[in-house]
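# An overview of the molecular structure
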Amino acid sequence: MLKVAIRNLSFEAKEGEIIGFIGADGAGKTSTLNAIAGVIKFQGEIKFDNFSYHSPKEAEKVKPNIGYMPQGIGLVLYKTLTIQEHLDFFTDIRGIKKDKEFLEYREHLLSMAGLENFLDRQAKNLSGGMMQKLSMICSMLHRPKLLILDEPTTGVDPLSRIELWEILKQNSKEFNTISIISTAYMAEASKMDKILLFDEGEVIAQGDTKSLLDSVKDFVYEKTDTDKKHITVFNTTYSLEKLPAKTKPPTLEALFFVNALKKDKLLPPLQISATNNKIQTDKVIMKATKLTKKFGDFYANKDIDIELKSGEILGLLGANGAGKTTFIKMLLGLLPIDGGEIELFNKKIKNNEDRKELKSQIGYVSQHFALYDDMTIRENMLFFASVHKIETLKAIELINNYSKELGFYEYLDEVPKNLPLGINQRFSLAVAILHEPKVLFLDEPTSGVDAIARAQFWELLKKLKENRGISILITTHYMSEAEYCDRIVLLKRGQKIADDKVENFYKKFPNAKSFEEIFLEYYNNSKL
């Protein structure tokens, strides 16, 4: 069956404008960018540089004036080439004359990206943020009139995102470049001249940030109970009908919730059944003391002290390369410890035998959802149940219960690769709690997931905490998600620079409008 990736899309861009495509994975952003770049077939017409094209073959004429960076960290890079070798390679294949003007321009790009001191470093040794900055520079070397960047900031920390945007803004201003950029980060909208919001293969709204927010301001309320058609997520209620409640300033996420209401797509009620056991609070579940991990002379983690208490959601935040994933991998025994110690459930972890004893009490969701694409969801769940030695009849009962509670029952006989990220996300969470663990480690589980699915996922985490008393350690690049945590630990260059409750962070920075501002204050002022 032929799938339509994007329907009836029309828009215009002027010289020097930055156009933003915002939406979840699978919404149609990449297909649209690929069509504009002339790398896939499409229906309709694209006009650029006074030339109209209707196919990849016709687009060949304008491709020398297009710079294109595909989705994926470091996708256009070669692991064993240094930064300098990449610059020389892309200069040569573009046939760029290495005159004084070009060399000054190239140095200018390197300086803006902060890469001028790392020219001899191989791509495999760069952080995610550095890889993306190098990839962007390589796509800009020939000074294209049209720059197309597919999610250049996904998986990149806030600090690197700011630096990437500075490069883009300066490039647009100096050279009148048209930049078309896709992103999953709503916070980046303010940096764009025009925004197109994508949802399920169509553009649901387009315009500047102010006009888009104004279009939904009458539908966003403080959390309230109502019999009218509505969607409530955390402290916000969305309704197309007027409610006897106080309105609140909308965010761009509101457009997706309002669009769902207009399409009569109410969110399915997701549940987590309560435990019959007494829920303990304030009990230390995990304790890391001076935890250290080295790779050669490089410290990925150095002398980290962290506690996770029962029934607590702890957010682990930091830039790319800050040591978040390394820390979780040491907790799970996927990496050996080079210094310090770990206690889980009041037991010091000294060897693999200690871990095996505690394995049944730990659940884990990795960055990319460790699912088998050639097996259905039901088969995946039965397999993971057998790994945890859950009897078949009990496993079938759990699968039926969780698939109904978490809203993926109708997809049980589908394979993961054919499903939206939001469904795979909930399915991965169900797999992680099949064996009824007491603690969950979640490594960037919301990356690339749409706004509605992210909100539902956090509702589920909240219910796991409240109804089961499960302790949760989660890493994320969405700074807005810090608001949903009980406590936040900030890492920088492998060391802890802050550890406090969310409300206390705001007390320390009363003028901060978002947690991203607080994060940047700590990063910019830290001496590390």
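Numbering of residues starts from 1 in every chain and runs along the sequence as written. Only residues with pLDDT of at least 70 get local features here, since the model is predicted, and only at 80 or more are side-chain atom pairs given and counted; chain-wide, interface and lining totals rely on the full set of residues. The side-chain quantities take in all heavy atoms of the structure and omit both hydrogens and water.

### A short note on the overall build of the chain
The line we're drawing: Helix and strand assignments follow DSSP, with helices taken as H or I runs no shorter than four residues and strands as E runs no shorter than two, numbered in order from the N terminus. Restricting the calculation to C-alpha atoms gives the radius of gyration, and the globule rule supplies 2.2 Å times the number of residues raised to the power 0.38. The buried label goes to any residue with under 20% of its type's maximum accessible area, the exposed label to any with over 50%, and the partly exposed label to all in between, with areas taken from a 1.4 Å probe on protein chains only. For the area figures, the Shrake-Rupley method with a 1.4 Å probe applies, and any residue is considered shielded solely by the protein chains shown. The positive count covers Lys and Arg only, the negative count covers Asp and Glu only, and His and the chain ends enter neither. Every charge is mapped onto a representative atom, which is NZ of Lys, CZ of Arg, CG of Asp or CD of Glu.
In terms of helices and strands, the chain carries 16 helices and 21 strands. Here the chain has a C-alpha radius of gyration of 24 Å; the compact-globule value for 528 residues is 24 Å, and the two agree. Projected onto the principal axes, the alpha-carbon positions of the chain cover approximately 70 × 60 × 50 Å. Within the span of the chain, comprising 528 residues, buried residues form 51% of the whole. Counting every atom, the chain has about 25500 Å² of accessible surface; 48% of that belongs to carbon and sulfur. Side chains of the chain carry 73 positive and 73 negative charges; the gap between the two charge centres is 2 Å.

### Examining the sheet that holds strand E14 (residues 313-318)
For clarity, the threshold we go by: When DSSP locates at least two bridges between a pair of strands, those strands are taken to pair. All axes are obtained by fitting lines to C-alpha atoms, using only the stretch in contact for helices, and the reported angles, taken between N-to-C directions, cover 0 to 180 degrees. The contact criterion used is simple: two residues touch if any of their non-hydrogen atoms lie within 4.5 Å.
Read from one edge to the other, the open sheet built from 6 strands follows the order E17-E18-E19-E14-E20-E21, with strand pairing classed as mixed. Unpaired on one side and paired on the other, strand E17 (362-365) and strand E21 (495-501) mark the two borders of the sheet. Across the sheet, the mean angle from the axis of one strand to that of its neighbour is 15°, orientation sign disregarded. Where strand E20 (residues 487-492) and E21 come together, 6 bridges link them in antiparallel fashion. In the strand pairing of E21, Val489 is matched with Asp499. Across the sheet, helix H13 (residues 421-433) touches E17 and strand E18 (439-443), and the angle it forms with E17 is around 160°.

### Thoughts on H13
Using the following cut-off: In this scheme, a helix's expected span is set at 1.5 Å multiplied by one less than its residue total.
Here H13 is 13 residues long and its end C-alpha atoms lie 18 Å apart, about the 18 Å a rise of 1.5 Å per residue gives. In terms of burial, H13 is a largely internal element, 12 of the 13 residues being buried. For H13, the set of buried residues is Gly422, Ile423, Asn424, Gln425, Arg426, Phe427, Ser428, Leu429, Ala430, Val431, Ala432 and Ile433. Buried residues in H13 make contact with E17, helix H11 (377-387), helix H12 (392-405), E18 and helix H14 (451-468).

### A closer look at the nonpolar core
The condition that has to hold: Side-chain atoms within 4.5 Å link the members of a nonpolar core, which is a set of buried Ala, Val, Leu, Ile, Met, Phe, Trp, Tyr and Cys residues.
Of all hydrophobic cores here, the largest spans 136 residues; its most connected members are Phe327 and Leu461. In terms of residue count, H14 provides more of this core than any other element does, 8 residues in total. In this structure, Ala37, Phe42, Val62 and Ile180 belong to the second largest nonpolar core, which totals 20 residues.

### Describing a nonpolar patch on the surface
Put simply, the rule reads: Here, patches come from residues exposed beyond 30% relative accessible area and free of salt bridges, joined within 9 Å for like charges and within 5 Å for nonpolar side chains (Val, Leu, Ile, Met, Phe, Trp, Tyr). Salt bridges are defined by distance alone: a side-chain nitrogen of Lys or Arg within 4 Å of a carboxyl oxygen of Asp or Glu.
There is a patch of nonpolar side chains on the surface, built from Tyr78, Phe89 and Ile93 and spanning about 290 Å² of accessible area. Mapping Ile93 onto the fold places it in helix H3 (residues 83-93). Given the relative accessible area of 54%, Ile93 is considered exposed.

### Some thoughts on the sheet that holds strand E5 (residues 146-150)
Spatially, the 6 strands line up as an open sheet ordered E4-E5-E6-E1-E7-E8, and their pairing is mixed. Strand pairing shows two members of the sheet lacking a second neighbour, strand E4 (66-69) and strand E8 (202-207), which therefore form its edges. For this sheet the average axis-to-axis angle between neighbouring strands, irrespective of direction, equals 15°. Pairing analysis gives 4 bridges linking E4 to E5, with the strands arranged parallel. Bridge assignment links Ile66 to a residue of E5, and that residue is Leu146. Each of strand E1 (18-22), E4, E5, strand E6 (178-183) and strand E7 (194-199) is contacted by helix H1 (residues 29-36), which is oriented at about 150° to E5, the strand it contacts most.

### Quick look at the pattern of salt bridges
Inspection of every chain in the model, using the stated rule, returns 24 salt bridges. Salt-bridge contacts for Glu163 lead to Lys133; the nearest nitrogen and oxygen are separated by 2.5 Å. You can see Glu163 sitting in helix H6 (residues 158-175) and its partner Lys133 sitting in helix H5 (residues 128-140), a full 30 residues away along the chain. Judged by its relative accessible area of 6%, Lys133 is buried. One salt bridge in this structure joins Asp338 and Lys293, with 3.5 Å as the shortest N-O distance.

### Points about the packing of aromatic side chains
Note the threshold: Aromatic rings from Phe, Tyr and Trp, with only the six-membered ring used for Trp, were paired whenever their centres fell within 6.5 Å, and each pair was classed as stacked if the ring planes differed by under 30 degrees, edge-to-face if by over 60, and tilted otherwise. Working rule: Lys NZ or Arg CZ, within 6 Å of ring centre, within 35 degrees of ring normal, means a charge sits over the ring.
This model, assessed by the stated rule, comprises 18 aromatic pairs. Judged by centre distance (5.6 Å) and plane angle (85°), the ring pair of Phe11 and Phe21 falls under edge-to-face. Of this pair, Phe11 sits in the segment before E1 while Phe21 sits in strand E1; the two residues are 10 residues apart in sequence, bridging distant segments of the chain. Here Phe21 falls in the buried class, since its relative accessible area comes to 0%. When the ring of Phe21 is compared with that of Phe198, the centres are 4.8 Å apart and the planes differ by 45°; the resulting orientation is tilted. Linking Phe21 in strand E1 with Phe198 in strand E7, this pair joins segments that are 177 residues apart in sequence. Clustering of aromatic rings is evident, with ring pairs tying together Phe505, Tyr506, Phe509, Phe515 and Tyr522. Cation over ring: Lys492 sits above Tyr523, and NZ or CZ is 5.4 Å from the ring centre. For Lys508, the ring lying beneath its charged end belongs to Phe505, and the centroid distance is 5.8 Å.

### Comments concerning unusual backbone geometry
One non-glycine residue with positive phi stands out, namely Arg143, at about 50°. Along the chain, Arg143 falls in the loop between H5 and E5. Since its relative accessible area comes to 30%, Arg143 is described here as partly exposed. Positive phi is not limited to glycine here, since Glu151 has a value of about 50°.

### Considering the packing of H13 against H14
To keep it simple, the criterion reads: Convention used here: angles under 35 degrees read as roughly parallel, angles over 145 as roughly antiparallel, angles from 65 to 115 as roughly perpendicular, and any remaining angle as oblique. By convention the crossing between two helices is left-handed if the near helix lies anticlockwise of the far one by an angle smaller than a right angle, and right-handed if it lies clockwise. Polarity classes work like this: nonpolar for Ala, Val, Leu, Ile, Met, Phe, Trp, Tyr, Cys and Pro, charged for Asp, Glu, Lys and Arg, and polar for all others, with Gly in that last group.
Axis separation between H13 and H14 bottoms out at 9 Å; the angle between their running directions is 15°. On the basis of their axis angle, the class for H13 and H14 is roughly parallel. For the crossing formed where H13 meets H14, the hand is right-handed. Residues Gly422, Gln425, Arg426, Leu429 and Ile433 of H13 pack against Ala453, Gln456, Phe457, Leu460, Leu461 and Leu464 of H14. Among the residues forming the contact of H13 with H14, the class breakdown is 7 nonpolar, 3 polar and 1 charged.

### A word on H3
Heads up, the condition is: Here the arc refers to the set of directions running from the helix axis out to each C-beta atom.
For H3, every residue scored as buried is listed here: Ile83, His86, Leu87, Phe90 and Thr91. The arc enclosing the buried residues of H3, seen along the axis, measures out at 130°, which places them on a common side. With its phi angle positive at about 65°, Gly95 sits one or two positions after the end of H3.

The quantities given are spatial measurements derived from coordinates; they are silent on function.
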